[in-house]
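Residue-level structure breakdown
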Amino acid sequence: MNEQDNIRTILVTGVTGYVGGRLVPRLLEAGYHVRVLIRGNAQRLDGRLWREEVEIFIGDVLAPETLTAALKGIDAAYYLIHSMGGENGFSKRDIQAATNFAAAAADAGVKNIIYLGGLGDPNSNLSEHLRSRQQTGDALRQFDVPVTEFRAGMVVGSGSLSFEMTRNLTERLPVMIAPRWVYTKTQPIAIRDVLNYLVAALQTPASQDKTIEIGAPDVLTYADMMMKYARIRGLRRLIIRVPVLSPRLSSYWVHWITPVSADVVTPLIEGLRNELVVRDHSARALFPDIEPIDFETALH
C-alpha cells in the first residue's frame, strides 16, 4: 500500500479565509477526517455549514506551544496563512509563523504540508508581499516534512480580494484613468481549479517536495480582465492609461472606489507591477486530470 493511501486525517489552517473556507467542504466530500486550527474562539466559524462536521482546535502559529495538540495524529496539513495588511514587519512574522508550524509538524510526524503561495519570478524585483509568500514556502521546507507548494496569481471567484478589487473597479468606473500596472501580464485561475489542485495533492506522491505553478490557459493584463468582465456584464467601459499614480496613491484611489481597505489594497497594488505568469508547466504532468478553465468561463 502506498503511504499516500494512509492519509486520512487532515488539518486545515486559514479556514476563516477565502480559500481555506472553501477547501474544508471539498475535503469532507472526499471522505477525509478534517480538523481546523483557528485563532480566538470557535464562534468565528458560526454560519459555516460544515462547522459540526470538523474538529476545532484553538491555536496560533505565532504561539508554538498551541500547535502540538492540533497536529497530533495529523497525516497532512494545509498551510493557508499569510498577512494581507500593510503593517510593518508582516514579512518577518509570516516567516516566523511558518517556521513554528513546520517545526511542530515535523515533531508530530506529519507526512505532507500543502501550501498555497504566489506566482512571480523569484529573480525579479518582487514586491515585499509576493517575496514574503515565497519566503514562507522556504520556511516551511526547513524541517523533515515534504512540502507541496502551489503558486498562483489572482484567484477568480466571489470573495477573492484581488478579484473583488477588479470587479468593483469595473462596475463603478465607466471611464478609468488607470496607471501602468493595469497593463501588467498575469495568469488568473478559477477558485474551483485551485481547490482541485489542493485536494489532488493528497493523492499525488510525485507532488511532494515540488513547487508547482498553476494558472488558467490565458495570459491577460488587468485591463484585459476588466474589459472581459465589462463585456459579460453588458457594461461600456473606457480605460485611459496614465504614467503617474504611485502604488501608494493607487491604493488610496482603489480604497475610495471599492470596499477594500487601503491597508489590504496596498500590498496587492504593489504586487501588480510584477508579472504573475506560469513559467514552469509541470502541473500538467503531475495532475493530468485537471484542466483549468479559462478566465471568461470562470467569470460566468
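Structure's up top.
Not measured: the values here are computed from a predicted model.

**Structural notes on the sheet that holds strand β2 (residues 33-38)**
One open sheet accounts for seven strands, arranged β3-β2-β1-β4-β5-β6-β11; its pairing is parallel. Each end of this open sheet is capped by a strand with a single partner; those strands are β3 (55-58) and β11 (210-213). For this sheet the average axis-to-axis angle between neighbouring strands, irrespective of direction, equals 20 degrees. Two elements, strand β5 (residues 112-118) and strand β6 (residues 147-152), share six bridges in a ladder whose sense is parallel.

**Some thoughts on the side chain of T136**
Mapping T136 onto the fold places it in helix α4 (residues 128-140). By relative accessible area, T136 is classed as buried at 1%. Apart from the residues within four sequence positions on either side, T136 is in contact with Y79, D94, A98 and Y115.

**A word on the nonpolar core**
In terms of nonpolar packing, the biggest core is built from 40 residues, with V12, L27, Y78 and F150 touching the most fellow members. Going through the elements one at a time, β1 (9-13), α1 (18-29), β2, β4 (76-79), β5, β6, α6 (191-200) and α10 (282-286) are the ones with two or more residues in this core. When sequence neighbours within four positions are dropped, the list of residues in contact with L27 reads I10, V12, Y32, V34, Y78, V199 and L202. In terms of nonpolar packing, the next biggest core, distinct from the first, is built from 28 residues, L173, I239, L276 and F295 among them.

**Re the packing of helix α3 (residues 90-108) against α4**
Packing of α3 against α4 leaves a shortest axis separation of 8 Å and a crossing angle of 20 degrees. The orientation of α3 with respect to α4, classified from their angle, is roughly parallel. Handedness of the crossing formed by α3 with α4: right-handed. Only E128, H129, S132, Q135, T136, A139 and L140 of α4 make contact with α3, whose side of the interface consists of F90, S91, D94, I95, A98, T99, F101 and A102. Within the contact of α3 with α4, the residues separate by chemical class into seven nonpolar, six polar and two charged.

Reading guide: rules and limits
Residues numbered from 1 in each chain as written. Predicted model: local features only at pLDDT ≥ 70, side-chain atom pairs only at ≥ 80, totals over all residues. Heavy atoms only, no water. Pairing = 2+ DSSP bridges. Helix = DSSP H or I, 4+ residues; strand = E, 2+ residues; numbered from the N terminus. Axes fitted to C-alpha atoms, helices over the stretch in contact; angles between N-to-C directions. Buried < 20%, exposed > 50% of the residue type's maximum accessible area, 1.4 Å probe, protein only. Contact = heavy atoms within 4.5 Å. Core = buried A, V, L, I, M, F, W, Y, C linked by side-chain atoms within 4.5 Å. Parallel < 35°, antiparallel > 145°, perpendicular 65-115°, else oblique. Left-handed = near helix turned anticlockwise from the far one by under 90°. Nonpolar A, V, L, I, M, F, W, Y, C, P; charged D, E, K, R; others polar.

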